[in-house]
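# Fold and geometry: a report
For reference, the chains in residue letters:
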Amino acid sequence: MRVVRRFGVSLLMIWMVMTITFFMIRLMPGNPIMDAYLSLLQQGVPSQEAMAQIHVLYDVYPNQSVLTQYVLYVWHLLHGNFGTSIVYAGRPVLPLILASAPWTLMLVSIGITISFFIGLFLGVLIALNRNTWFDNVMSQIASIFHGIPNYVTGFIFLYFFTVMLPWFPFGNIYGNTVTPGLNFPFIASVAYHSVLPIAAYVFGAFGTWTLSTKSAAVAVLGDDFIQADKIRGLTPGQQLDHLIHNSVLPLFTGFVLSLGMMFGGAVFIEETFTIPGLGYLIAQSTSQRDYPVMQGCFLLLSSAVILANFLADMLYSRIDPRIRV
Amino acid sequence: MILAASTASRQSRSSSLARIFLSRPIRVIGLAIIALYLFMAIFGPVIFPPSTALVANPAKVYQGPSWADPLGTDFQGVSVLAEIVLGARGVLMVGVGAAFFIVVVGVAVGLIAGFTGGIVDAILMRITDVFIAIPQFPLLLLVATILNASSPGLIILMLGLTTWGGLARAIRSQVLSLRERDFVEAARGLGLGTGTIALRVILPNMLSYVAMNFLVSITGAIYAEVGLLFLGVTPFTPDNWGVMLHEADSVAGALYTRKSVFYVISPLMAILLLQAGIIFILGGLDEVFNPRLRKTGATQ
């Protein structure tokens, strides 16, 4: 029953995001659709033809009532029709997004995993050495790196390791001499091109994991069962095992929430390293005012994050029986 | 008598404030960094008059550091230090403005939701949930593109509207736990109104949390603001760290020469240093509002 309710709430939230985006784009000052329509009229295009062009671009007729436009918009979305791109001459939005998503998923998931384990390691280490110089120094460093924007880390890696020390390639995700597919040179080239972007993700995110692991581990260290472990004479290895297992639990929801953050970061990292992923698509469509693509990316991202939250909620009560409400 | 007593207590309070912030070298460094940024924001245009400091000089493109240009020059031969210093005002103004907006809206929504409960609480929290669930930066990109705003006021509004959710939820849960405490019960027993209890009894107990959120929100807003300019989404203001980064990435050819190192690294370091300054004083701030955290020696 709870599952159904939470799922319903998630769907409601996705619907709200859809609605907000629609009205934001259509009702704000500088409505791009009316702008495009009026500028076509100014260029001397007959109104009938201008209307037809707008219909091809935005999938709406400017003279329809907002309500009709809204119903049509939702209807089309439900059928997977996200409109057609303006910049990529008439290509439908959905395939465009699906083609660029894999690169982003690959980089984000590797980056998030590496930074998670680094953060876990440092956080537990800090908690075990509380109030020592190690704690003082590492906590400050982690705080400074916590939430550092990815353009800072990305730019520093890009500049130092492709310009100052030309060790790594610059631009795209594979070299132009390899053919995409399941062959060794291609995979090697992708791996080589991925080193810097992944490093930029890791440096942008490990501070957050370190801080949350530290606070979770400090709380666990004060728990009775850890004291009991000592009294029972468990080996330090076993104690550490208990500590880590119980410190990881609270991080789980953060892990899912950070997905949204990571996709925000992907915009910067992919723009900096010109990687043809979702973030790059968002950055390009934004700077070129390609509304259908922007809107499509935004809706899919938000829906993915909302659904991930739902799954995390469900899984969490599975993993940690104490949470079951 | 009473007046004298209150002055004395105020004096001891301000001296203990000074003691808290001067007790650790790291906090002194943090204060110094923040003072430096405030100085740049206030006196920047006096030190480097924009009309003379930002003039292109083709003879000085990408020069290394010198006495005249301590951070070298950019792709137009403009002093990088002048650009950094002149950029501080706009960046800080938007950061502080947006942080203020976030704190006011977040605290107001959290207080109202936590205190009234019932249907108001449910509606406010559903709205908050949506704002938390939507990936914040993509939302900001969408809003920024639609508004195409270059005025600081609109940018502040935009940053604030997309970010207040997290604080609102946190404040609400603090209110829920605080209002069951004895001293709130006592205030109710005294017959104080709900508004008075919320603003004069509960709010002061959350001040340290709010103040820390304010400081952290400043850096968050600055990151987002500079990021929007870096991507070229918001229209350019003449001098801003984000514009420097955008130009380094696109027009300046900075990524094809090692000579541009000071131009590329300076705006990044300006951002990192400000973040460090704020992090360094956060611990002190916590002690100001939480006397229990102070070292016993420092509180007498």
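If you're wondering where the values come from, they're calculated on a predicted model, not measured in any experiment.

## Considering the overall build of chain B
Counting its regular elements, chain B contains 14 helices and 0 strands. When the helices and strands of chain B are placed in sequence order, the string is α-α-α-α-α-α-α-α-α-α-α-α-α-α. Every one of the 300 residues in chain B was classed for burial, and the buried ones make up 49%. Across chain B, every contact between residues at least 6 apart in sequence was considered, and the portion connecting residues at least 24 apart equals 69%. When the accessible surface of chain B is totalled, it reaches about 13900 Å², and 67% of it is carbon and sulfur.

## Some words on the confidence of the model for chain B
Residues and elements named next belong to chain B. With 89% of its residues at a pLDDT of at least 70, chain B reaches an overall mean of 79. For chain B, per-element mean pLDDT is lowest for helix α14 (residues 296-299), which scores 42, and highest for helix α4 (residues 80-116), which scores 87. For the stretch residues 1-5, pLDDT sits under 50, and the model shows 0 contacts to residues farther than four places along the chain or on other chains. The low-confidence segment residues 296-300, where pLDDT is below 50, has 4 contacts with residues more than four positions distant or belonging to other chains.

## Some details on the interface of chain B and chain A
Listed as interface residues are 45 residues of chain B and, on the opposing side, 47 residues of chain A. It is Leu142, Ile146 and Leu255 of chain B in chain B that bury the most area against chain A; as a group they hold 16% of the surface buried on that side. Our enumeration of links across chain B and chain A arrives at 0 salt bridges. Put simply, chain B and chain A have 5 residue pairs in polar contact (both at pLDDT 80 or more) between them. If you list the elements that add at least two residues to the side of chain B that touches chain A, you get α5 (118-133), α6 (136-147), α11 (207-231), α12 (241-249) and α13 (261-289) of chain B. At 11 residues, the largest contribution of residues to the side of chain B that touches chain A is made by α13 of chain B. For the side of chain B that touches chain A, a count of residues per class yields 34 nonpolar, 6 polar and 5 charged.

## As for the nonpolar core
Ranked by internal contacts, the top residues of the largest apolar core, which has 133 residues, are Tyr151 of chain A together with Leu231 and Trp241 of chain B. With 16 residues, α13 of chain B is the largest single contributor of residues to this core. Looking at which domains feed residues into this core, each of domain 1 (2-78) and domain 2 (93-324) of chain A supplies at least three. Every residue in contact with Leu231 of chain B, bar those within four places of it in the chain, is listed here: Val267, Phe268, Glu271, Ala283 and Ser287 of chain A together with Phe137, Leu141 and His246 of chain B. Formed by 17 residues, the second largest nonpolar core is a distinct cluster that contains Val103, Phe115, Met206 and Val210 of chain B.

## Overview of the environment of Leu178 of chain B
All names here are of chain B. Here Leu178 lies in helix α8 (residues 165-178). Leu178 sits in the buried class, given a relative accessible area of 8%. Residues Leu178 and Ile102 lie 76 residues apart in sequence; the distance between their C-alpha atoms is 22 Å. Beyond its immediate sequence surroundings of up to four residues, Leu178 is in contact with Phe183, Val184, Ile202, Asn205 and Met206.

Thresholds, definitions, all that
Residues numbered from 1 in each chain as written. Chains lettered and ligands numbered in written order. Predicted model: local features only at pLDDT ≥ 70, side-chain atom pairs only at ≥ 80, totals over all residues. Heavy atoms only, no water. Helix = DSSP H or I, 4+ residues; strand = E, 2+ residues; numbered from the N terminus. Buried < 20%, exposed > 50% of the residue type's maximum accessible area, 1.4 Å probe, protein only. Contact = heavy atoms within 4.5 Å. Areas by Shrake-Rupley, 256 points an atom, 1.4 Å probe, with all protein chains shown as cover. pLDDT = per-residue confidence, 0-100. Buried area = accessible area lost by both parts, 1.4 Å probe. Salt bridge = Lys/Arg side-chain N within 4 Å of Asp/Glu carboxyl O. Polar contact = N/O pair within 3.5 Å; in protein donor to acceptor, adjacent residues only side chain to side chain. Nonpolar A, V, L, I, M, F, W, Y, C, P; charged D, E, K, R; others polar. Core = buried A, V, L, I, M, F, W, Y, C linked by side-chain atoms within 4.5 Å. Domains from an automatic or database assignment.

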